[in-house]
Amino acid sequence: MKVDLIIYNAGQLVTCASEEKPKRLAQMRDAGLIAGGAAAIQDGIISAVGTNAEIFDDFEAENTINAAGKVVCPAFVDPHTHIVFAGDRINEFEMKIKGADYLEIMAAGGGILNTAKKTRAASLADLVEQSSARLDKMLAHGTATAEIKTGYGLDTETELKMLQAVEELDRNHAVDLMATFLPAHAVPPEYKKNPDEYVDLICGEMLPLASRWYEMSFYRNGIDTGWTFNTPPPAVQKDIKKFALRHKPLFVDVFCEKNAFNLEQSRRILETAKSLGFKLKAHVDEFTNLGCARAAIGLGATSIDHLDATSDEEIRLLAESDTIGIVTPTVNFNFGAAHFADARKMIDAGCAIALSTDYNPGSAPCPSQTMAMAIACRYQKLLPAEAFNAVTINAAFGLGLGEKTGSLEVGKQADFLILDTKDYREIAYEFGSNFVETVIKNGRVVFNG
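If you're wondering where the values come from, they're calculated on a predicted model, not measured in any experiment.

Reading the values: rules and limits
Residues numbered from 1 in each chain as written. Predicted model: local features only at pLDDT ≥ 70, side-chain atom pairs only at ≥ 80, totals over all residues. Heavy atoms only, no water. Pairing = 2+ DSSP bridges. Helix = DSSP H or I, 4+ residues; strand = E, 2+ residues; numbered from the N terminus. Axes fitted to C-alpha atoms, helices over the stretch in contact; angles between N-to-C directions. Contact = heavy atoms within 4.5 Å. Salt bridge = Lys/Arg side-chain N within 4 Å of Asp/Glu carboxyl O. Buried < 20%, exposed > 50% of the residue type's maximum accessible area, 1.4 Å probe, protein only. Core = buried A, V, L, I, M, F, W, Y, C linked by side-chain atoms within 4.5 Å. Parallel < 35°, antiparallel > 145°, perpendicular 65-115°, else oblique. Nonpolar A, V, L, I, M, F, W, Y, C, P; charged D, E, K, R; others polar. Phe/Tyr/Trp six-rings, centres within 6.5 Å; stacked < 30°, edge-to-face > 60°. Lys NZ or Arg CZ within 6 Å of the ring centre and 35° of its normal.

A.B. asks: Just checking my understanding: could you explain the sheet that holds strand β15 (residues 353-355) for this structure?
C.D. replies: By definition, the strands of a sheet pair up through backbone hydrogen bonds, in either a parallel or an antiparallel sense. Here eight strands make up an open sheet; going across it, the order is β6-β7-β8-β11-β12-β13-β14-β15 and the pairing parallel. Looking at the sheet topology across the chains shown, the edges are occupied by β6 (76-78) and β15. Ignoring strand direction, the axes of neighbouring strands in this sheet form an average angle of 25°. In the sheet, strand β8 (residues 176-184) pairs with strand β11 (residues 251-254) via three bridges, with the strands oriented parallel. Bridged to Ala184 within β11 is Val254. Helix-sheet contacts for helix α9 (residues 263-275) involve β8, β11 and β12 (279-284), and the interaxial angle to β11 is about 175°.

If you want it as structure tokens, here you go:
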């Protein structure tokens with residue numbers, strides 16, 4: 001049978017195969033290795049995976065890629081990022097080195113509020129340009145699918161502008177993107193004395209408008225007249241890659257934490273979002289356990305993220321649920337913290353755990369999933385195979401994409417990496433290096449290092 005592309009002669013073909021479900025327990029320690037592996041690709045989809053002999057017995061292709069004994073694996077999935085923003089927070093980096101903690105910086109008007117001020121002032125074109133450069137870095141480090149959250153606007157205008165930026169990036173960049181609406185990232189200064197009024201704004205205006213954005217195209221109608229929603233003109237419909245039309249869910253997230261949103265506020269936002277048809281995510285237990293892990297799991301959240309202060313009872317609930325637990329070791333590393341989310345306990349309890357960079361300007365300015373893996377192996381005691389599954393198949397399930405990407409299995413998107421090493425464990429072992437030589441997205445080479 002003739003196909004578009006054959007990748008062959010992989011020293012190790014790391015499939016991360018999972019049979020349409022996230023990996024747990026002993027499955028996390030199985031990277032799905034095939035020695036001397038190969039894969040056949042047709043129309044951007046994997047047609048077959050096996051040994052060199054098996055693939056060449058059944059398939060032929062004009063286009064072939066000789067992996068030359070190197071590691072071939074699924075492209076990485078990053079299920080939690082905040083890369084649409086303006087400016088940087090380098091000054092706060094120095095403050096942290098001198099001893100200021102996250103909540104102290106946030107209470108003083110820094111942190112998220114600092115970035116929100118710059119993002120509000122930025123144009124859509126500026127946001128797209130700055131964020132595209134960050135996506136370039138992620139792609140060069142092997143990430144071909146990622147989530148991007150809003151949350152640096154904290155007003156209706158800017159939060160919608162950020163959604164539009166994500167859509168434009170998804171349309172034009174090689175990295176496949178998912179969008180998460182996060183106006184509940186922090187309480188803006190204008191609502192500091194009455195945060196419940198901001199929650200009213202989120203539930204009464206922002207979430208309904210985001211729902212309309214998801215279903216339709218919106219256009220800025222002049223400088224002072226607000227947002228209007230229209231069906232795209234026929235001449236441009238073909239160029240608009242709507243999330244809804246491509247069956248990509250839109251998520252809603254909330255940051256449940258001291259100096260952010262309490263449990264009652266978080267529950268209201270999540271329940272309102274669910275009633276409008278959104279899929280759910282939640283920042284929980286990053287510094288303080290306020291009970292939102294239990295609430296989000298009960299509401300059927302696709303993922304709960306951070307989990308640094310999650311209780312044993314909530315770990316049990318997570319293990320019994322379909323919710324993915326996403327840990328972000330880059331944050332703790334960046335803080336110089338000694339405490340990390342107990343991912344080892346969570347995996348041993350049967351939770352489906354994923355890893356993320358949490359790439360953002362303040363707590364995790366890191367584009368590299370391999371760096372997240374290296375930290376997780378050392379401080380959270382993951383084995384390299386567990387870390388590998390956590391940035392591929394489980395990360396894909398953390399975005400509701402586990403049936404489409406995250407592993408090298410028949411019928412999935414042909415999202416591959418070729419790594420310049422003979423042993424997949426080396427990418428976590430030799431921290432600080434970038435082993436990514438080639439990124440293949442939907443059967444097409446999109447990066448050559």
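A.B. asks: How do you make sense of the pattern of salt bridges when you look at a structure like this?
C.D. replies: Two side chains that carry opposite charge are able to pair once their charged atoms sit near each other. Evaluation of the coordinates by the stated rule reveals 20 salt bridges. Glu190 is paired through a salt bridge with Arg120; the nearest N and O atoms lie 3.0 Å apart. Of this pair, Glu190 sits in the loop between β8 and α7 (195-215) while Arg120 sits in helix α4 (residues 112-121), placing them 70 residues apart in sequence. Assessed through its relative accessible area of 47%, Glu190 is described here as partly exposed. A relative accessible area of 29% places Arg120 in the partly exposed class. For Arg316, the salt bridge is made with Glu320, and the minimal N-O distance between the two is 2.8 Å. Overall, the relative accessible area of 57% leaves Glu320 in the exposed class. Linked through salt bridges whose partners overlap, the residues forming this network are Arg294, Glu313, Arg316 and Glu320.

A.B. asks: Whenever I open this one, the pairing of strand β7 (residues 143-149) confuses me. Can you help?
C.D. replies: Residues in a regular strand point their side chains to alternate faces of the sheet. Among the seven residues in β7, seven count as buried, and that is most of the element. Looking at chain direction, β6 and β7 are connected through three bridges and run parallel. Looking across to β7, one finds that Asp78 is bridged to Ala146. Pairing analysis gives five bridges linking β7 to β8, with the strands arranged parallel. Following the sheet pairing, Ile148 is matched in β8 by Ala179.

A.B. asks: Explanation requested: the nonpolar core in the structure shown.
C.D. replies: Side chains of a nonpolar character, in soluble globular proteins, are inclined to be buried together. Core analysis: the largest hydrophobic core is formed by 117 residues, its most contacted members being Phe261, Ile269, Ile304, Leu355, Phe388 and Leu419. Element by element, the count of residues in this core is highest for α7, at eleven residues. The contacts of Ile304, once residues within four sequence positions are left out, are Ala282, Val284, Ala293, Ala296, Ile297, Leu318, Thr323, Ile324, Gly325 and Ile326. With 15 residues, the next largest nonpolar core counts Ala39, Leu408, Ala414 and Ile440 among its residues.

A.B. asks: Is there a simple way to explain the packing of α7 against α9 in this structure?
C.D. replies: Axes are the key here: two packed helices are described by the angle between their axes and the distance separating the axes. Two elements in contact, α7 and α9, have axes whose closest approach is 10 Å; the angle formed by their N-to-C orientations is 5°. By the angle class used here, α7 and α9 are roughly parallel. Of α9, the residues touching α7 (which contributes Pro195, Asp196, Val199, Asp200, Ile202, Cys203 and Leu207) are Gln265, Arg268, Ile269, Thr272 and Ala273. Its residues assigned to classes, the contact of α7 with α9 shows seven nonpolar, two polar and three charged.

A.B. asks: When you look at the packing of aromatic side chains in this model, what are you seeing that I'm missing?
C.D. replies: The geometry of an aromatic ring pair is captured by two quantities: the separation of the ring centres and the angle between the planes. As enumerated under the stated definition, the model contains eight aromatic pairs in all. Taken together, a centroid distance of 5.4 Å and an interplanar angle of 40° make the contact between Tyr191 and Tyr198 tilted. Judged by its relative accessible area of 0%, Tyr198 is buried. Between the NZ or CZ atom of Arg134 and the centre of the ring of Phe85, over which it lies, the distance is 3.4 Å. Taking NZ or CZ as reference, Lys281 lies 5.2 Å from the ring centre of Phe251, over its face.

By themselves these figures say nothing about function.
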